[in-house]
Amino acid sequence: MNTSTFSDRISSYNAAVSPVERRLLDWLARNRETALHASAAEIASAAGTSDATVIRTARKLGYAGLAELRRALAEDLRRDLTLADRMTRELSQSGAAPGLETSTQALRAALDVIEALEDAVVSEIVTSIVAARRIHVFGIGPSGFIAGYFAVQLQRLGFDARALSRTGLQFADDLVGIESEDTVIALAYDRPYPEVRALFDRATRLNLSTFLITSNGPRMPDPRARLVLRVPRGRTDGFGLHAGTLALLEGLLVALSAAEPDRTKAALEDLNAARETLSGAGMGL
């Protein structure tokens, strides 16, 4: 008996996917509440496909039909708490003091995982970044700000890096900038958003080095990353915290500096020279 969730199944459903089926899966992932009460014809109309495609895709996912697919969607919705629900659960935990104690406990758990990373894993990431033509750091929502921070810090160390944080059709402009000999670092959690799948579609097609930084929850946003790093983000049903992810990324920056001291020193000296041009020598930069 297949006990995997709907999100699990569509995240691993990569073989022989037609554009029409992909469009349907994207619609289902974004409109699970609507699909619970919609007929095959209504789903097909909303997703721009046929009711026969709806039934065929449901069966390809391993469901007996639309009714079983709806039950899986309902289970997913029960499992996926809203941000408000997660905060409510966080605050209602018995014995947990709201505030700094909760976040520091989550950070300690994340640091334990980071410290336990094997040297070979860190070396693989560093080697890939050093050799890359360009590094693409993906993140949407709050993760987009962290992706932007990491990309800027990489640039300061002399690496060609950019953040990918747009969504929808605008993300297509980001995708076409990913080329062979690049490296992709993705910050993604839980649901297999269309942008995540599109990112790994392109990276897989170009045979790129890909690294996924995700949570230690039960679901995988995409299974195709060459290396997956699971960083705890607090309780599974609690509010997602990013301090552990940030600690991991900053550790990688230090490792990169140690691996490429001449390159990083030259880049930082160039940055200081540019600062002095802007502010004058009196600032002591």
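The coordinates are above.
For the structure given in this document, a descriptive report is provided here. Computed from a predicted model, the values in this text were never measured in an experiment. (Residues numbered from 1 in each chain as written. Predicted model: local features only at pLDDT ≥ 70, side-chain atom pairs only at ≥ 80, totals over all residues. Heavy atoms only, no water.)

### Section: the sheet that holds strand 4 (residues 209-214)
Put simply, the rule reads: A pair of strands is labelled paired if DSSP reports no fewer than 2 bridges between them. Helix numbering and strand numbering both begin at the N terminus, where a helix is a DSSP run of H or I of at least 4 residues and a strand a DSSP run of E of at least 2. As a rule, the C-alpha atoms of each element are fitted with a line to give its axis, helices using only the stretch in contact, and angles between N-to-C directions run from 0 to 180 degrees. Throughout, a residue-residue contact means that at least one pair of heavy atoms, one from each residue, lies within 4.5 Å.
Here five strands make up an open sheet; going across it, the order is 2-1-3-4-5 and the pairing parallel. The open sheet has two free edges, formed respectively by strand 2 (161-164) and strand 5 (227-230), since each of these has just one partner strand. Taken pair by pair, the neighbouring strands of this sheet meet at an average axis angle of 15°, ignoring direction. Sheet topology note: the strand 1 (residues 135-138)/strand 3 (residues 183-187) ladder contains four bridges and is parallel. Looking across to strand 3, one finds that His136 is bridged to Val184. Strands strand 1, strand 3, strand 4 and strand 5 of the sheet are contacted by helix 9 (residues 119-131), whose axis makes an angle of about 120° with strand 5.

### Structural notes on the packing of aromatic side chains
Applicable threshold: Whether two aromatic rings pair depends on their centres lying within 6.5 Å, for rings of Phe, Tyr and Trp, where Trp uses its six-membered ring; planes under 30 degrees apart make the pair stacked, over 60 edge-to-face, and the rest tilted. Per-residue accessibility, obtained with a 1.4 Å probe over protein chains only, is compared with the maximum for each type, and a residue is labelled buried under 20%, exposed over 50%, and partly exposed between these values.
Under the criterion given, the structure shown has one aromatic pair. Ring centres of Phe138 and Phe171 lie 5.6 Å apart, and the angle between their planes is 65°; on these two criteria the pair is classed as edge-to-face. In this pair, Phe138 is assigned in strand 1 and Phe171 in helix 11 (residues 171-175), connecting sequence segments 33 residues apart. We classify Phe138 as buried; its relative accessible area is 1%.

### A short note on the pattern of salt bridges
In plain terms, the rule: Salt bridge criterion: a side-chain nitrogen from Lys or Arg within 4 Å of a carboxyl oxygen from Asp or Glu.
A full pass over the atoms with the stated rule returns ten salt bridges. Arg56 is the salt-bridge partner of Glu21, the closest N and O atoms lying 3.9 Å from each other. A residue pair is termed long-range when its members are at least 10 positions apart, and Glu21 in helix 2 (residues 19-30) and Arg56 in helix 5 (residues 51-60) qualify at 35 residues. Measuring nitrogen to oxygen at the nearest pair gives 2.9 Å for the salt bridge that ties Arg224 to Asp222. The buried category is assigned to Asp222, whose relative accessible area is 0%. Residues joined by salt bridges that share partners form a network here, namely Glu21, Arg56 and Lys60.

### Notes on the packing of helix 4 (residues 40-47) against helix 5
The following threshold applies: Comment on the angle field: the value is read as roughly parallel under 35 degrees, roughly antiparallel over 145, roughly perpendicular from 65 to 115, and oblique elsewhere. Classification used: nonpolar for Ala, Val, Leu, Ile, Met, Phe, Trp, Tyr, Cys and Pro, charged for Asp, Glu, Lys and Arg, polar for all others including Gly.
Between helix 4 and helix 5, whose axes approach to 7 Å, the crossing angle comes to 100°. Considering the angle they form, helix 4 stands roughly perpendicular to helix 5. Contacts from Ala40, Ala41, Ile43 and Ala44 in helix 4 reach Asp51, Val54 and Ile55 in helix 5. Residue composition of the contact of helix 4 with helix 5, grouped by class: six nonpolar, no polar and one charged.

### A few points about unusual backbone geometry
If you check the backbone angles, Glu181 has positive phi at about 75° while not being a glycine. Inspection of the secondary structure assignment puts Glu181 in the loop between helix 11 and strand 3. At Asn207, a residue that is not glycine, the phi angle is positive and equals roughly 55°. Relative to the helices and strands, Asn207 is located in the loop between helix 12 (194-205) and strand 4. You can call Asn207 exposed: its relative accessible area is 57%.

### Quick word on the environment of Leu229
Here Leu229 is to be found in strand 5. On the accessibility criterion, Leu229 (6% relative accessible area) is buried. Measuring from C-alpha to C-alpha, the distance between Leu229 and Phe211 comes to 7.6 Å, with 18 residues separating the pair along the chain. Look past the residues within four positions of Leu229 in its chain and what remains in contact with it is Leu117, Val121, Ile125, Leu212, Ile213, Thr214 and Leu248.

### Describing helix 10 (residues 142-156)
Selection rule: Helices are assigned an expected span. That span is 1.5 Å times one less than the residue count.
Compared with the 21 Å implied by 1.5 Å per residue over 15 residues, the 22 Å span of helix 10 between its first and last C-alpha is a close match. Within the span of helix 10, buried status applies to Ser143, Gly144, Ile146, Ala147, Phe150, Ala151, Gln153 and Leu154. Looking at the residues trailing helix 10, positive phi occurs at Gly158, about 100°.

### Structural notes on the nonpolar core
Heads up, the rule is: Grouping buried Ala, Val, Leu, Ile, Met, Phe, Trp, Tyr and Cys residues that are joined through side-chain atoms within 4.5 Å yields what is termed a nonpolar core.
Ile125, Ile129, Ile135, Phe150, Leu154 and Ile213 are the most contacted members of the largest nonpolar core, which has 30 residues in total. Those elements that provide at least two residues to this core are helix 8 (100-115), helix 9, strand 1, helix 10, strand 3, strand 4, strand 5 and helix 13 (243-259). Setting aside its immediate chain neighbours within four residues, Ile135 contacts Ile129, Leu154, Phe159, Asp160, Ala161, Arg162, Thr183 and Ile185. Listed in part, the 21 residues of the second largest apolar core include Ala29, Ile43, Val54 and Leu61.

### Considerations on the pairing of strand 3
The cut-off we apply is this: Think of it like this: strands point away, you trace from the first strand over the helix to the second, and a clockwise trace means the crossover is right-handed.
Burial analysis of strand 3 places five of its five residues in the buried class, the great majority of the element. Pairing geometry for strand 3 and strand 4, over five bridges, is parallel. Residue Ile185 lies in a different strand from strand 4, and its bridge partner there is Phe211. Crossover connection from strand 3 via helix 12 to parallel strand 4: handedness right-handed.

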